[in-house]
Amino acid sequence: LLLGHLRYGTSVNFVSVSCHPYARKSIWPTRNLLIAGNFNLTNTPDLNASLTERGAHVIYTTDTQSILEEIGFWLDEEHDRLFKAFKDQGLEGMAVQHEISKHLDVGNVLRKAAKHWDGGYAIAGLIGNGDSFVVRDPNGIRPCWFVRTDDLRSEEHTSELQSLRRISYAVFCL
């Protein structure tokens, strides 16, 4: 899986740490998260306040960090729920991680994370177990195009149609 995004220096400046993807790291594969996207949330202070109310120590005040930490929070919650369930069933070691990876409900994580997002977004992400996702705002403020090859072995997503013009397959809008 490849994940990348050209991020213009609109929110911080023109240095490499301002470039996507952004990472949230953990020793647990199902808690590792990379995101990249085209987005502008209008309620970032409210989202950060919500994270703080849950006990987080918010360091940055950008919408990128809010999105990363909100998805990460719900990813952690899902991981913990599954970890407890499989430990209660008597699973140990790598068997627990295998079952968490197999049963991780990424759609539910994203629905909970995006519930209070206000603004436009088209976001792609990778989770450390190999799961990937693409999510866009329900109002279609940010477009999200995709191409799937005829053999279903390749799929590309973008918020800028121009980047898909080199591909000769049908293009669809999410």
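Heads up: the structure comes first, above all this text.
Fair warning: this is a prediction, and the values are worked out from it, not measured in the lab.

(A) Geometry of the nonpolar core. In this structure, Ile35, Ile71, Trp117, Ile123 and Phe133 are the most contacted members of the largest nonpolar core, which totals 26 residues. Among the elements that line this core, the one with the most residues is helix H2 (residues 63–88), at six residues.

(B) Structural view of the packing of H2 against helix H4 (residues 106–114). Their axes nearest at 8 Å, the elements H2 and H4 cross at an angle of 135 degrees. Relative to H4, H2 is oriented oblique. Here the hand of the crossing between H2 and H4 comes out right-handed. Touching Glu70, Ile71, Trp74, Leu75 and Glu78 of H2 are Asn108, Val109, Leu110, Lys112 and Ala113, all from H4. Class assignment of the residues belonging to the contact of H2 with H4 gives a composition of six nonpolar, one polar and three charged.

(C) Spatial organisation of the pairing of strand E3 (residues 119–127). Burial of E3 is extensive: eight of the nine residues sit out of reach of the surface. Alignment of strand E2 (residues 33–41) against E3, held across nine bridges, turns out to be antiparallel. Paired with asparagine 38 across the bridge in E3 is alanine 122. Alignment of E3 against strand E4 (residues 132–136), held across five bridges, turns out to be antiparallel. Looking at the pairing, alanine 122 lines up with arginine 136 of E4.

(D) Region of interest: the sheet that holds strand E1 (residues 22–24). Strands sit in the order E1-E2-E3-E4 across an open sheet of four strands; the sheet is antiparallel. The open sheet has two edge strands with one neighbour each: E1 and E4. Strand after strand, the sheet turns through a mean of 20 degrees between neighbouring axes, direction not considered. Here three bridges tie E1 to E2, and the two strands are oriented antiparallel to one another. Along E2, the bridge assignment pairs arginine 24 with leucine 33.

Basis of the calculations
- Residues numbered from 1 in each chain as written.
- Predicted model: local features only at pLDDT ≥ 70, side-chain atom pairs only at ≥ 80, totals over all residues.
- Heavy atoms only, no water.
- Core = buried A, V, L, I, M, F, W, Y, C linked by side-chain atoms within 4.5 Å.
- Buried < 20%, exposed > 50% of the residue type's maximum accessible area, 1.4 Å probe, protein only.
- Helix = DSSP H or I, 4+ residues; strand = E, 2+ residues; numbered from the N terminus.
- Axes fitted to C-alpha atoms, helices over the stretch in contact; angles between N-to-C directions.
- Parallel < 35°, antiparallel > 145°, perpendicular 65-115°, else oblique.
- Left-handed = near helix turned anticlockwise from the far one by under 90°.
- Contact = heavy atoms within 4.5 Å.
- Nonpolar A, V, L, I, M, F, W, Y, C, P; charged D, E, K, R; others polar.
- Pairing = 2+ DSSP bridges.

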